[in-house]
Every structure is written in C-alpha cells, then in structure tokens.
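This is what each chain is made of:
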Amino acid sequence: MKKISILLLALCSTAIFGQSVSDYKYISVPGKFQTFKNNSYGLEAYLSKALKNKSYVVLPASVDQWPSEAKDNSCNVVTADVLNDKSLFTNKVILQFKDCNNKVILESKGRSDIKEFEEGFPDALKQALVKVGASSPKAMLPAQTQSSNITNTVQTSSSETVAPSSVSSTATAGNYSNGKIDLQKIQIDANQFILAKSGSSVPFAVFKTTSKKDVFIVKLADGNTTVGYFENGNIVIDIPQADGRYSKEVFAGK
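What this report covers is the structure whose coordinates are included nearby. Keep in mind it's a predicted model, so treat the numbers as computed, not measured.

**Observations regarding the packing of aromatic side chains**
Counted by the stated rule, this structure contains ten aromatic pairs. Seen in terms of ring centroids, Tyr41 and Phe121 are 5.4 Å apart; in terms of plane orientation they differ by 15°. Their pairing is stacked. A residue pair is termed long-range when its members are at least 10 positions apart, and Tyr41 in the loop between β1 (26–28) and α2 (43–53) and Phe121 in helix α4 (residues 117–128) qualify at 80 residues. For the pair Tyr41 and Phe121, one class covers both residues: buried. Between the aromatic rings of Phe117 and Phe121, the centroid separation amounts to 5.7 Å while the plane-to-plane angle is 40°, which identifies the pairing as tilted. Of this pair, Phe117 and Phe121 both sit in helix α4, four residues apart, which is roughly one turn of that helix.

**A closer look at the pattern of salt bridges**
Close approach of charged atoms lets side chains of opposite charge pair. Under the definition given, this model contains five salt bridges. In this structure, the salt-bridge partner of Glu69 is Lys25, at a minimum N-O distance of 3.9 Å. Here Lys25 lies in the loop between α1 (2–16) and β1 and Glu69 lies in helix α3 (residues 68–71), a separation of 44 residues in the sequence. For Glu69, a relative accessible area of 34% gives the class partly exposed.

**Examining the sheet that holds strand β10 (residues 192–197)**
What the eight strands build is a closed barrel, ordered β8-β9-β10-β11-β12-β13-β14-β15; its pairing is antiparallel. With direction set aside, neighbouring strand axes in the sheet form an average angle of 30°.

**Topic: α2**
Since the α-helix advances by 3.6 residues per turn, residues separated by three or four positions end up pointing in the same direction. Buried within α2 we find Leu43, Glu44, Leu47, Ser48, Ala50 and Leu51. Projected down its long axis, α2 carries its buried residues within an arc of 165°, all on one side. Within α2, the exposed residues directed more than 90 degrees away from the buried face are Ala45, Lys49, Lys52 and Asn53. Those residues of α2 hidden inside the fold are in contact with β1, β2 (57–59), β3 (77–84), β4 (91–98) and α4. Directly after α2, the chain includes Ser55, whose backbone phi takes a positive value near 75°.

**Looking at the state of the cysteines**
Summed over all chains, the structure comprises one disulfide. Across the disulfide from Cys75 sits Cys100; the S-S distance is 2.0 Å. With the S-S bond torsion at 85°, the cross-link from Cys75 to Cys100 turns out right-handed. Remark: Cys100 occurs in the loop between β4 and β5 (104–112) and Cys75 occurs in the loop between α3 and β3; sequence separation between them is 25 residues. Looking at Cys100, the relative accessible area reads 26%, which means it is partly exposed.

**Brief notes about the pairing of strand β9 (residues 182–189)**
The pairing of strand β8 (residues 174–177) with β9 spans four bridges and is classified as antiparallel. When the sheet's bridge partners are listed, Ser177 is paired in β9 with Asp182. The turn linking β8 back onto β9 is made up of four residues, and Gly179 within it adopts a positive phi angle of 95°. For β9 and β10, the ladder comprises six bridges, and the chain directions are antiparallel. The residue of β10 that forms the bridge with Gln184 is Ala196.

**A word on the packing of α2 against α4**
Interaxial distance between α2 and α4 falls to 10 Å at its minimum, and their mutual angle equals 30°. It follows from the interaxial angle that α2 and α4 lie roughly parallel. Remark: the crossing between α2 and α4 carries right-handed chirality. Mapping the contact onto sequence places Leu43, Tyr46 and Leu47 in α2 and Phe121, Pro122, Leu125 and Lys126 in α4. Classifying every residue of the contact of α2 with α4 gives six nonpolar, no polar and one charged.

**Here we look at the side chain of Lys185**
Mapped onto the secondary structure, Lys185 falls in strand β9. With no salt bridge to any partner, buried Lys185 finds its closest opposite charge in Asp214, at an N-O distance of 9.3 Å. Among the polar contacts made by the side chain of Lys185, one reaches the side chain of Gln187 at a distance of 3.1 Å.

Calculation criteria
- Residues numbered from 1 in each chain as written.
- Predicted model: local features only at pLDDT ≥ 70, side-chain atom pairs only at ≥ 80, totals over all residues.
- Heavy atoms only, no water.
- Phe/Tyr/Trp six-rings, centres within 6.5 Å; stacked < 30°, edge-to-face > 60°.
- Helix = DSSP H or I, 4+ residues; strand = E, 2+ residues; numbered from the N terminus.
- Buried < 20%, exposed > 50% of the residue type's maximum accessible area, 1.4 Å probe, protein only.
- Salt bridge = Lys/Arg side-chain N within 4 Å of Asp/Glu carboxyl O.
- Pairing = 2+ DSSP bridges.
- Axes fitted to C-alpha atoms, helices over the stretch in contact; angles between N-to-C directions.
- Arc of directions from axis to C-beta.
- Contact = heavy atoms within 4.5 Å.
- Disulfide = S-S within 2.5 Å.
- Parallel < 35°, antiparallel > 145°, perpendicular 65-115°, else oblique.
- Left-handed = near helix turned anticlockwise from the far one by under 90°.
- Nonpolar A, V, L, I, M, F, W, Y, C, P; charged D, E, K, R; others polar.
- Lys, Arg positive; Asp, Glu negative; His and termini not counted.
- Polar contact = N/O pair within 3.5 Å; in protein donor to acceptor, adjacent residues only side chain to side chain.

As structure tokens, then:
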C-alpha cells in the first residue's frame, strides 16, 4: 500500500511540474527556420510579431543582448521553431516550443488551402498559433541553474560538486508541521521530494534541486512557483501573497 501511495505521489508531482508555453515570459525565435531551405516566407518575423501580441518577450539573436533573467538561466527561455510540413496541394506547418532540456512542451499544426507559398505558409502558421495562450509567466528560476546541474549534480557557489544523494541531508524524511498543517516528506529521487498531507495522494508542495545546496524550486498545489530551503533542520517555503510579497512558512520536524 505504501509503494502505491508513493507511486501516486510521484505521478502527481510530474503532473504539477507539467509545463505550458504560457508559463514563460521569454521566447527565442531563430533567425531562420531550418526546414525551409531557401525561403521561409517571412515566418520568423510573423511569429515574432504574433508572440509579442500575446505578451511574450521575443529575445534578440545575440545572447549577449538578453536580459539577465534569460541569459543567466536558459531554463527561463522556451525556444520556438516552425517545421515545413507541406503536402502536394496544401501548405502546412508544425509549430513547436521546446524547453531548456529540448523537450517539446507544445506542438501545434496549421494548414492553409492558399496555394501561394508567400500567403499560404503565414496563413497556416496563423492557424497553429491559435493553441498558444498569452504569456502568464511563473517565477523565474535562479541564475546559473542549468538543467544538467539539476539532473546530474548539485554545485555550491564555490563550484564544489556535491553528490545528489547528499541534497536532502539537512532535513530528514518524516513528518513536518507549521502548527496548522501536518505534512510528510517523501523523497522521490535524488533531485526531488514531496511534502504531502498525511493520508493524501496530492502533494502540498514539490521540491526540485537548484545549483545551490539546500535551496529548491518549489511548485505549490495552487500552481504557484516559489523558493524553499532547509534551515536548522526545518523546511522553509516562501509563500507568495496576494500583494506580491512573500511570507516565510516554517515546517518544523515532529
């Protein structure tokens, strides 16, 4: 029964961390879409303009010109691409968005019966863009948090490599409470653990490692993303408030 509960929690944590394009503020659009050999019919400019109209920040081609939130952490950026999916009599495209792990988080197809390429391809892209919601960005990830660090190692600010197995050494598995809510800490893997209410299969919060030891990106059950950390054996979460501020919520071991 315990194994089933842990499996359910793991699945729930995956669902909570599911990404959508609207979670992002920054989008990188390449200077040329590779599947269009000689002429991309202005699709790069068309896509950039459409994304700006949906409140995204389309990044310039030079990374040096990117704002620090994007430049210092590529996982705050999603990359757009348009694939030529043309058939004999129909102009078709596939619009893709990939995260910093090269994982496709949205794929949308568009088609146009307009036979002329100059009009048909933009018309097909317009159809594909219907699935792209307006930008409603979550909290930015900390600077210099690369996906490879999260997956393989956790690095301290002095560049000393810490084995992933030591990530959770400061706060042990067990029960924690802030005086109002009783939660159980469950380690899913070396880079991820969950705080869940006793007897519930729905996580209260999901913690993922960052490049800083004992500091975590936290996804709350209400969809908010924030920061958590270990402090004197306790688990602390910065809870976002309605006025844009954060309150310190301390969960002490029981």
